[in-house]
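Here's the letter readout for the chains.
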Amino acid sequence: MTVIDDWKTLISNNGGQILKTVASHENLYADVEEIYKAGFERCFLNFFRPYGASYELEDIPALEHEYHRVIKDFHNLPDFTLTDVQMYQNTWREQQSNLYVPHCGINAMGIAVGPDGMIYPCDDAVMLGEEFVMGSVWDGVDKEKEKRLRRRLNKLPEKCGGCELKCYPCPVCSVLNTEELASDPKDWFCELRKMQYRVVNQYLPSNPFRVIK
Ligand code: SF4
Ligand code: SF4
């Protein structure tokens, strides 16, 4: 088996998708091009987890420009999809219908196992320690604990209460970044969300709206 065959097998064994964290606009186009050429079928661009780095408000126009470029050139090629575009289009549609939009782990019944063998409600919660444990690999999930924890974590920041966009930030990420559950998102966060909706709404598919792959 050649190195390329190994690489392709690895990609396909992992669902054909890669998560790319976008920490800056500068390499976005070149990175997506490389991901496409490497043989991935799907890529999720995550603008919201640049691991400690936040954007300045003045960075957003350049990000918006590059986001358009990658969507125009790569999204929906016969063998390639930017799944963040689909997700933002779908959540926009759900928001318009006033449906609740869940976060990835906490409200989507996520389960993650930490290196200590403890079970947490999502992968990032593993970093938060004992308070977020809802079971262990030895005893399984404690259903009552899980219910209480998910209910407690299902909290909105005050700032989002009256906002019609309803693109709520994850309350647990907020603990990681500010040590407070569901703290108010910073302006750059809101502007970044608005930018993503602004961009993806220009590429809405006509029919069917939701593409399942
Ligand atoms: S902290 Fe939030 S965004 Fe991060 S994995 Fe958990 S639910 Fe998902
Ligand atoms: S734009 Fe900001 S305030 Fe409004 S829902 Fe989204 S994160 Fe909350």
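Residues numbered from 1 in each chain as written. Chains lettered and ligands numbered in written order. Predicted model: local features only at pLDDT ≥ 70, side-chain atom pairs only at ≥ 80, totals over all residues. Heavy atoms only, no water.

**Brief notes about a nonpolar patch on the surface**
A cluster of nonpolar side chains, V113, V137 and W138, forms an exposed patch at the surface whose accessible area comes to about 350 Å². Residue placement: V113 occurs in strand β4 (residues 112–113). When its relative accessible area of 52% is taken as the criterion, V113 is described as exposed. (Patch = residues over 30% accessible without salt bridge, like charges linked within 9 Å, V, L, I, M, F, W, Y side chains within 5 Å. Areas by Shrake-Rupley, 256 points an atom, 1.4 Å probe, with all protein chains shown as cover. Salt bridge = Lys/Arg side-chain N within 4 Å of Asp/Glu carboxyl O. Helix = DSSP H or I, 4+ residues; strand = E, 2+ residues; numbered from the N terminus. Buried < 20%, exposed > 50% of the residue type's maximum accessible area, 1.4 Å probe, protein only.)

**Focus on the sheet that holds strand β2 (residues 42–46)**
The three strands lie next to each other as β1-β2-β3, forming an open sheet whose pairing is parallel. Every other strand in the sheet has two partners, leaving β1 (17–21) and β3 (81–82) as the edge strands with one partner each. In this sheet, β2 lies alongside β1 in parallel orientation, the contact comprising five bridges. Opposite T21, over in β2, you have N46 as the bridge partner. (Pairing = 2+ DSSP bridges.)

**A few points about the pattern of salt bridges**
Following the criterion strictly, the structure yields ten salt bridges and no others. Put simply, K194 and E191 hold a salt bridge, and the shortest N to O gap is 3.2 Å. Here K194 and its partner E191 are both found in helix α7 (residues 187–200), three residues apart, which amounts to about one turn of the helix. Residues joined by salt bridges that share partners form a network here, namely K143, E146 and R150.

**A few points about the packing of helix α3 (residues 60–74) against α7**
At a minimum axis separation of 10 Å, α3 and α7 run at an interaxial angle of 30°. Taken together, the axis directions place α3 and α7 in an arrangement best described as roughly parallel. Viewed along their axes, α3 and α7 form a crossing whose handedness is right-handed. Side by side, α3 and α7 meet where I60, L63, E64, Y67, H68 and I71 of the first sit next to W188, E191, L192, M195, Q196, R198, V199 and V200 of the second. (Axes fitted to C-alpha atoms, helices over the stretch in contact; angles between N-to-C directions. Parallel < 35°, antiparallel > 145°, perpendicular 65-115°, else oblique. Left-handed = near helix turned anticlockwise from the far one by under 90°. Contact = heavy atoms within 4.5 Å.)

**Some details on the sheet that holds strand β6 (residues 135–136)**
Read across the sheet, four strands follow the order β4-β5-β6-β7 without closing on themselves; strand pairing throughout is antiparallel. What marks the edges here is a single partner per strand, and that holds for β4 and β7 (140–141).

**Here we look at the site of ligand 2**
Lining the immediate surroundings of ligand 2 are K159, C160, C163, L165, K166, C167, P169, P185, F189 and C190. Among the residues forming the shell around ligand 2, the class breakdown is eight nonpolar, no polar and two charged. (Near = heavy atom within 4 Å. Nonpolar A, V, L, I, M, F, W, Y, C, P; charged D, E, K, R; others polar.)

**A few points about the pairing of β2**
β2 sits mainly inside the fold: five of its five residues count as buried. Burial of β2 is two-sided: the residues R42, F44 and N46 facing one way and the residues C43 and L45 facing the other way are all buried.

**As for the environment of K194**
Its relative accessible area of 34% is what places K194 among the partly exposed residues. Separated by 29 residues in the primary sequence, K194 and L165 place their C-alpha atoms 8.2 Å from one another. Among the polar contacts made by the side chain of K194, one reaches the side chain of E191 at a distance of 3.2 Å. (Polar contact = N/O pair within 3.5 Å; in protein donor to acceptor, adjacent residues only side chain to side chain.)

**Details of the nonpolar core**
Grouped together as the largest cluster of nonpolar side chains are 32 residues, with contacts concentrated most on L45, F47, Y67, V70, L82 and L192. Among the secondary structure elements, those contributing two or more residues to this core are α2 (28–38), β2, α3, α4 (83–96) and α7. A total of seven residues in this core trace back to one element, the largest contributor, which is α7. Y67 has contacts with L28, L45, F47, D84, V85, M195, Q196, V199 and V200, leaving out every residue within four places of it along the chain. Counting 13 residues, the second largest nonpolar core, distinct from the first, contains C122, C170, V175 and L181. (Core = buried A, V, L, I, M, F, W, Y, C linked by side-chain atoms within 4.5 Å.)

**Looking at the packing of aromatic side chains**
Applying the stated criterion across every chain, the model contains seven aromatic pairs. When the centroid spacing of 5.4 Å and the interplanar angle of 80° are considered together, the rings of Y36 and F80 count as edge-to-face. One end of the pair, Y36, is in helix α2; the other, F80, is in the loop between α3 and β3, with 44 residues separating them in the sequence. Using a relative accessible area of 25% as the deciding quantity, one classes Y36 as partly exposed. Here the aromatic rings of Y55 and W188 are separated by 5.8 Å at their centres, their planes lie at 70°, and the arrangement is edge-to-face. Separated by 133 residues along the polypeptide, Y55 in the loop between β2 and α3 and W188 in helix α7 bring together distant segments of the chain. (Phe/Tyr/Trp six-rings, centres within 6.5 Å; stacked < 30°, edge-to-face > 60°.)

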